[in-house]
Amino acid sequence: MVFPKQVRLVEMSPRDGLQNEPGDVIATEVKTGLIERLADCGLTHIEAASFVSPKWVPQMADAAEVMASIKRKAGVRYSALTPNIKGLERALAAGANEVAVFGAASESFTQKNINCSIAESLKRFMPVIEHARQHGVSVRGYVSTVMGCPYEGDIAPEKVATVAKTLYDMGCYEISLGDTIGVGTPLKAKRMLEAVTKDIPVEHLAAHFHDTYGQALANLYAVMEEGLAVIDASVAGLGGCPYAKGASGNVATEDVVYLLNGLGIESGIDLNKLVATGHWICQQLKRHNGSKTGLALRGRGCL
Ligand code: HMG
Ligand code: MG
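This one's a predicted model, so the numbers in the text were calculated from it and none came from an experiment. (Residues numbered from 1 in each chain as written. Chains lettered and ligands numbered in written order. Predicted model: local features only at pLDDT ≥ 70, side-chain atom pairs only at ≥ 80, totals over all residues. Heavy atoms only, no water.)

Two elements in contact, helix H9 (residues 216-225) and helix H10 (residues 253-263), have axes whose closest approach is 11 Å; the angle formed by their N-to-C orientations is 45 degrees. The pairing of H9 with H10 is recorded here as oblique in orientation. Crossing angle aside, the handedness with which H9 passes H10 is right-handed. Counted together, Leu217, Leu220, Tyr221 and Met224 of H9 and Asp255, Val256, Leu259, Leu260 and Leu263 of H10 form the full contact between these two elements. Taken together, the residues of the contact of H9 with H10 sort by class into 8 nonpolar, no polar and 1 charged. (Axes fitted to C-alpha atoms, helices over the stretch in contact; angles between N-to-C directions. Helix = DSSP H or I, 4+ residues; strand = E, 2+ residues; numbered from the N terminus. Parallel < 35°, antiparallel > 145°, perpendicular 65-115°, else oblique. Left-handed = near helix turned anticlockwise from the far one by under 90°. Contact = heavy atoms within 4.5 Å. Nonpolar A, V, L, I, M, F, W, Y, C, P; charged D, E, K, R; others polar.)

The next subject is the coordination of the magnesium ion (ligand 2). Ideal coordination angles are 109.5 degrees for a metal with four donors arranged tetrahedrally and 90 or 180 degrees for a metal with six donors arranged octahedrally. The coordination sphere of the magnesium ion (ligand 2) contains the protein donors Asp16 (OD), His208 (NE2) and His210 (NE2), at a distance range of 2.0 to 2.3 Å. Written as a sequence motif, the donor arrangement for the magnesium ion (ligand 2) is D-x191-H-x1-H. Here histidine 208 and histidine 210 have matching classes, each one buried. (Donors = N, O, S within 2.8 Å, 3.2 Å for Na, K, Ca; no water. Buried < 20%, exposed > 50% of the residue type's maximum accessible area, 1.4 Å probe, protein only.)

On the secondary structure map, alanine 49 appears in strand E2 (residues 45-50). The buried category is assigned to alanine 49, whose relative accessible area is 1%. Alanine 49 sits 17 residues away from valine 66 along the chain, and the two C-alpha atoms are 7.3 Å apart. In contact with alanine 49, other than residues within four places in its own chain, are Arg15, Met60, Ala63, Met67, Ser79, Ala80 and Leu81.

On to the site of ligand 1, then. Surveying the vicinity of ligand 1 reveals 29 residues, the closest of which are Arg90, Asn113, Asn115, Ser144 and Thr180. A distance of 2.9 Å is found between an oxygen atom of ligand 1 and a backbone nitrogen or oxygen belonging to serine 53. Side-chain polar atom of histidine 210 to an oxygen atom of ligand 1: 3.0 Å apart, as the coordinates give it. Protein chains bury 76% of the 1100 Å² of accessible surface belonging to ligand 1 in isolation. Those elements that place two or more of their residues in the shell around ligand 1 are helix H1 (13-17), helix H4 (85-93), helix H5 (107-114) and strand E5 (138-144). A total of 3 residues in the shell around ligand 1 trace back to one element, the largest contributor, which is H4. For the shell around ligand 1, a count of residues per class yields 12 nonpolar, 11 polar and 6 charged. (Near = heavy atom within 4 Å. Polar contact = N/O pair within 3.5 Å; in protein donor to acceptor, adjacent residues only side chain to side chain. Areas by Shrake-Rupley, 256 points an atom, 1.4 Å probe, with all protein chains shown as cover.)

A separate point is the packing of aromatic side chains. Counted under the stated rule, the structure contains 1 aromatic pair. Summarising the aromatic geometry, the rings of phenylalanine 3 and tyrosine 221 are spaced 5.0 Å apart at their centres and angled 70 degrees between planes, so their arrangement reads as edge-to-face. Residue phenylalanine 3 is found in the segment before strand E1 (8-11), and its partner tyrosine 221 is found in helix H9; the two are separated by 218 residues along the sequence. Looking at arginine 15, its charged tip hangs above the ring of tyrosine 142, at a distance of 5.8 Å from the centre. The ring of tryptophan 280 carries arginine 37 above its face, with NZ or CZ at 3.7 Å from the centroid. (Phe/Tyr/Trp six-rings, centres within 6.5 Å; stacked < 30°, edge-to-face > 60°. Lys NZ or Arg CZ within 6 Å of the ring centre and 35° of its normal.)

Structural measurements only, silent on function.
What follows is the structure in structure tokens.
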């Protein structure tokens, strides 16, 4: 067992958390309010927006306004999704500190999500990665459906490893492994990681686990045992993917911090402030808080 001493959390709620929120388009001020509160909790990497087609994802149509109106905190990276050159140009103009391309290990999911094949997606990402790096902006790479696909079912770990290695070789500094529909279990997570780490050092990998089946914390524990030390999470467990029907949000950031605290792993996050932020955003969105830690601490009158 080689748990990391420290874990870096990448906060997903402003992007993954809000992209699929039903109902009216969320006000830009609510998005920026959330981002500023998250930075105040000690989060140093926040995925703030997504420069995708507004026709595909209307909740992210104001990405440029969000980026422009955040009061930025020193030492915090504000990143954004960029599926193509058009997205990259918009993100660079808006001052994104980092961008991310997003592919998948499943053909059907890639087609539904970004309207092309895996091979075409990788070809499309090449100039995005090159151009971003020429501008001194680092690029993260996502691989979705790493433990199962809503259209194809099981996904072989080798397929995940192939897409992850291609993105890494193309210049992505970190590959985030997405259990998009939250179907993974700990042994599956370990086997998937084992396949990916044949080609990519674990220091360059992140876990992006959705919590549909309540397995995300167990899966995180399993991959941390293998030395993985970057975790994507979303305050109050907000979110879901518009092209993965029925998938619930990312694992709740509050729950991850509680787990890390219990294991003596540093994250630099103020849990009380984080719980307050989770309650604040749930009130704004009039939705249920998906963090058990959030509910427990609030219930005990800790805040
Ligand atoms: P397409 O229709 O094939 O693209 O969509 P196109 O190049 O033919 O363009 C069609 C129209 O979109 C054109 O406008 C373009 O200008 C416009 P029109 O001429 O019709 O008026 N367009 C854009 N507008 C603004 N920004 C852009 C952009 N690109 C084209 N960047 C495309 C291809 C990739 C654009 C589309 O499929 C898309 O936007 N998909 C977004 C999907 C998405 O955001 N999914 C959720 C994020 S991924 C996720 O959640 C998974 C993750 O969390 C990990 C995990 O959990 O596994 C990361
Ligand atoms: Mg996701």
